[in-house]
Amino acid sequence: MSNRTFTMIKPDAMKNGHAGAILDKIIKGGFRIVALKQTHLSEVKAGQFYEVHKERPFYGELVEFMSSGVIIAAILEKENAVADFRTLIGATDPAKADEGTIRKLFATSVGENAVHGSDSEENAKIEGDFFFSGLEQF
Ligand code: CMP
C-alpha cells in the first residue's frame, strides 16, 4: 500500500481559476500536502517528465500543452494514496469520469484534463523527485 502520490494542477485548470477548488477537494479528500510549488515547465522539462509517452501520437500536443502556462506540482500523503487519488480525480477522459470527481468537475478534454495523478507508487517517487529535493519532502 502506498502512502504518497504526486499531482500537478495543469495549465487549463490554472487558467480557468480552478486551482483553489481543486486543492480544497484534495485536502477534504483526506490528503496531507507534503510539498507544493507553482512553476512553469519549459518544453524540454515537460518532454522529460512525459518521456514514457514519447512514442504516443499525442506526445507533442501533451508537451506543448503542459508548457503553455503555470502549473502547481505537489506531493500528497494518505494511506493508499495512489489508488485513492486516482479515484478522487476520475478517468483520464472527463467524459468518462464519475460524477463529483475532479476531472468531471473541472476538466475540458482528454488532453486538457485539469490534473495529473501518478499511476504507481514507483512513478509517484520518480515524479515527486523530479520537482522536489529531498529536503523539501517532509
Ligand atoms: P496524465 O495522467 O497527466 O498522463 C498522460 C497524459 O496524456 C494524460 O494525463 C492526458 O492529459 C494525456 N493524454 C492521454 N490520452 C490522450 C489523448 N488521446 N489525447 C491527448 N492527450 C492525451
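The protein chain goes by Nucleoside diphosphate kinase in an unreviewed UniProt entry, where it is assigned to Paraflavisolibacter caeni. What the UniProt record of the protein chain gives under Subcellular location (unreviewed entry) is the line "Cytoplasm". What UniProt states about the protein chain under its Subunit (unreviewed entry) heading is, verbatim, "Homotetramer."

*Asks:* An account of the environment of Ile33 is requested, with residue identities and associated values reported.
*Replies:* Looking at where Ile33 falls in the secondary structure, it is placed in strand S2 (residues 32-39). Its 13 C-beta neighbours within 10 Å are what place Ile33 among the partly exposed residues. Taking the C-alpha atoms as reference points, Ile33 and Ile102, separated by 69 residues in sequence, lie 17 Å from one another. Discounting chain neighbours no more than four positions away, the residues touching Ile33 are Ala74 and Leu76.

*Asks:* Any details on the environment of Ser133? Residues and values, ideally.
*Replies:* Within the secondary structure layout, Ser133 lies in the segment after helix H7 (121-131). Residue Ser133 is classed as exposed on the basis of its C-beta count, with 8 C-beta atoms lying within 10 Å. On a C-alpha basis, the gap between Ser133 and Val110 in space is 30 Å, while along the polypeptide they are 23 residues apart.

*Asks:* I'd like to hear about the UniProt feature "binding site: ATP" (unreviewed entry) in the protein chain, residue by residue, with values.
*Replies:* Following the UniProt record, one finds the feature "binding site: ATP" (unreviewed entry) at Lys10, Phe58, Arg86, Thr92, Arg103 and Asn113. If you trace the backbone, Arg86 turns up in helix H5 (residues 81-89). The class for Asn113 is buried, based on 23 C-beta atoms found within 10 Å. Residues contacting Asn113, with those up to four places away along its chain left out, are Lys10, Thr92, Pro94, Arg103 and Ala107.

*Asks:* Help me get a handle on the site of the ligand, residues and values and all.
*Replies:* Taken together, the residues surrounding the ligand are His53, Phe58, Glu61, Leu62, Thr92, Val110, Gly111, Asn113 and His116. Partitioned by chemical class, the residues of the shell around the ligand number three nonpolar, five polar and one charged.

*Asks:* Mind laying out the sheet that holds strand S4 (residues 115-117), listing which residues take part and the relevant values?
*Replies:* A sheet is described by the order of its strands in space; here four strands give the open sequence S2-S3-S1-S4, paired in antiparallel fashion. The strands lining the two open edges of the sheet, one partner per strand, are S2 and S4. This sheet shows a mean twist of 15° between the axes of neighbouring strands, independent of strand direction. Of the strand pairs in this sheet, strand S1 (residues 4-9) and strand S3 (residues 71-77) are connected by six bridges, and their pairing is antiparallel. Bridge pairing in S3 links Ile9 to Ile72. Strands S1, S2 and S3 of the sheet are contacted by H7, whose axis makes an angle of about 55° with S1.

*Asks:* Describe in detail the environment of Val44, supporting the description with residues and values.
*Replies:* Mapped onto the fold, Val44 is located in helix H3 (residues 43-49). Residue Val44 is classed as exposed on the basis of its 10 C-beta neighbours within 10 Å. Distance from Val44 to Val63, taken between C-alpha atoms, is 8.4 Å for residues 19 residues apart in sequence.

*Asks:* Talk me through H5; I want residue IDs and the actual numbers.
*Replies:* The periodicity of an α-helix, 3.6 residues per turn, causes residues three or four positions apart to be oriented the same way. Regarding H5, the residues found buried are Ala81, Val82, Phe85, Leu88 and Ile89. Buried residues along H5 cover an arc of 125° about the axis, so they all sit on one side. Residues of H5 that are buried make contact with S1, helix H2 (19-28), S3, helix H6 (102-106), S4 and H7. Where H5 terminates, the next one or two residues include Gly90, which has phi positive at roughly 85°.

Reading guide: rules and limits
- Residues numbered from 1 in each chain as written.
- Predicted model: local features only at pLDDT ≥ 70, side-chain atom pairs only at ≥ 80, totals over all residues.
- UniProt positions renumbered as here; feature names shortened; annotations may be inferred.
- Helix = DSSP H or I, 4+ residues; strand = E, 2+ residues; numbered from the N terminus.
- Buried ≥ 20, exposed ≤ 12 C-beta atoms within 10 Å, placed from the backbone.
- Contact = placed C-beta atoms within 7 Å.
- Near = placed C-beta within 6 Å.
- Nonpolar A, V, L, I, M, F, W, Y, C, P; charged D, E, K, R; others polar.
- Pairing = 2+ DSSP bridges.
- Axes fitted to C-alpha atoms, helices over the stretch in contact; angles between N-to-C directions.
- Arc of directions from axis to C-beta.

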